[in-house]
Amino acid sequence: MEERFLFGLVGSVLIAGIAYKKRSLSVSGGIAAIVLGTALYALGDIRWYGLLLAFFISSSWLSHRKKQEKREVEELFSKTGVRDWLQVAANGGLGLVAVLGAFISGRDDVWFAFYIGALAAAASDTWATEIGVLSSKPPRHILTGKIVTPGTSGGISRLGLGASLAGGAFIGVTALLLTIASDGKINLTYIWLGAAGGLFGSLADSILGATWQRTYKCEVCRKETERDFHCGTQTHPLKGYAWCTNDVVNIVGTVVGGVVAVLIHVLAVLTSHVFL
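For clarity, every value in this text was computed on a predicted model and none was experimentally measured. (Residues numbered from 1 in each chain as written. Predicted model: local features only at pLDDT ≥ 70, side-chain atom pairs only at ≥ 80, totals over all residues. Heavy atoms only, no water.)

Undergrad: Could you clarify how one ought to interpret the packing of helix H3 (residues 46–63) against helix H6 (residues 108–132) in this entry?
TA: If you want to describe how two helices pack, look at the angle between their axes and the distance between the axes. Running from N to C, H3 and H6 point in directions that differ by 5°, and their axes come no closer than 10 Å. When the axis of H3 is compared with that of H6, the two are roughly parallel. Of the residues in H6, those touching H3 at Arg47, Trp48, Leu51, Leu52, Phe55, Ser58, Ser59, Leu62 and Ser63 are Asp108, Trp111, Phe112, Tyr115, Ile116, Leu119, Ala122, Ala123, Thr126, Trp127, Glu130 and Ile131. Across the contact of H3 with H6, the residue classes tally to 14 nonpolar, 4 polar and 3 charged. (Axes fitted to C-alpha atoms, helices over the stretch in contact; angles between N-to-C directions. Helix = DSSP H or I, 4+ residues; strand = E, 2+ residues; numbered from the N terminus. Parallel < 35°, antiparallel > 145°, perpendicular 65-115°, else oblique. Contact = heavy atoms within 4.5 Å. Nonpolar A, V, L, I, M, F, W, Y, C, P; charged D, E, K, R; others polar.)

Encoded structure:
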């Protein structure tokens, strides 16, 4: 345990330091990432730690790609590519809950499935946002199907949905490869856990963004934004609840992704028992 704690701490400090210099993490985000990464390695193993690392590296790389093309849309979001502690907690905090659950209960299979789904949902949402905003076609409202302005909460596009599915599948494939490298076991179900958990979690995120998430109207540019201050002036509430911020929406999305992954895992186990 002590060796795993030390390795996790040193590795997390180095990675967080690089991320801070690359402006992927703020100071608070770096501290949160260190705590999370250290706990995942100390209480879990390389699978838990490696999966978080894969999510963070891929998401950070995508957030810095084509920054100029995405600048106008990103200015409507409440958070930028520089993640603070709330964003780290919203996207990866359930990983801490999962590894604690696995450590205490000894049910590594169920909790790891939940972890895959939760992290896949976070990856899917990030991939959908970072890639979807580059779509040549305008997004449509997830509930009404009407064309909306790029960056509007609840807006989806074919490119974004494809990116969402790819992000979740990426987490699933990474979990499979890490498990093979760790103990030689091959569990192809992990790919389904990632793809389905990621997609459903991302869709839940979009639905909440279209309904309950607080958004504002900028009186200068007349656009809908997640910020209460835009174009140098105070914005006015347009819809949603004040408590339902982007971080809250992200947490709900990861919970949905984790639950979907657990359901698929349980179904896969039951099905295998039936045919044995």
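Structure's up, so let's keep going.
Undergrad: Help me out: how do you make sense of empty space enclosed by the protein in this one?
TA: Inspection of the entire model under this criterion finds 2 cavities of 30 Å³ or more. If you add up the space inside the largest cavity, you get close to 240 Å³. Contributing to the lining of the largest cavity are 17 residues, with Ala33, Leu36, Leu52, Phe56 and Val88 lying nearest its centre. Counting residues per element, the ones that place at least two in the lining of the largest cavity are helix H1 (2–21), helix H2 (27–43), H3 and helix H5 (85–105). (1 Å grid on protein atoms, 1.4 Å probe; cavity = no way out; pocket = protein on both sides within 12 Å on 5 of 7 lines; lining within 4 Å. Points joined across faces, edges and corners; volume = space filled by probe spheres on them.)

Undergrad: What should I look at first to understand the pattern of salt bridges in this one?
TA: A side chain of one charge can pair with a side chain of the opposite charge if their charged atoms are brought near each other. One pass over the structure, following the stated rule, counts 3 salt bridges. Residue Asp108 pairs with Arg47 through a salt bridge whose shortest N-O separation is 2.8 Å. Of this pair, Asp108 sits in helix H6 while Arg47 sits in helix H3, and the two are 61 residues apart along the sequence. Residue Asp109 pairs with Arg107 through a salt bridge whose shortest N-O separation is 3.2 Å. For Asp109, a relative accessible area of 32% corresponds to the partly exposed category. Taking relative accessible area as the criterion, Arg107 reaches 45% and is therefore assigned partly exposed. (Salt bridge = Lys/Arg side-chain N within 4 Å of Asp/Glu carboxyl O. Buried < 20%, exposed > 50% of the residue type's maximum accessible area, 1.4 Å probe, protein only.)

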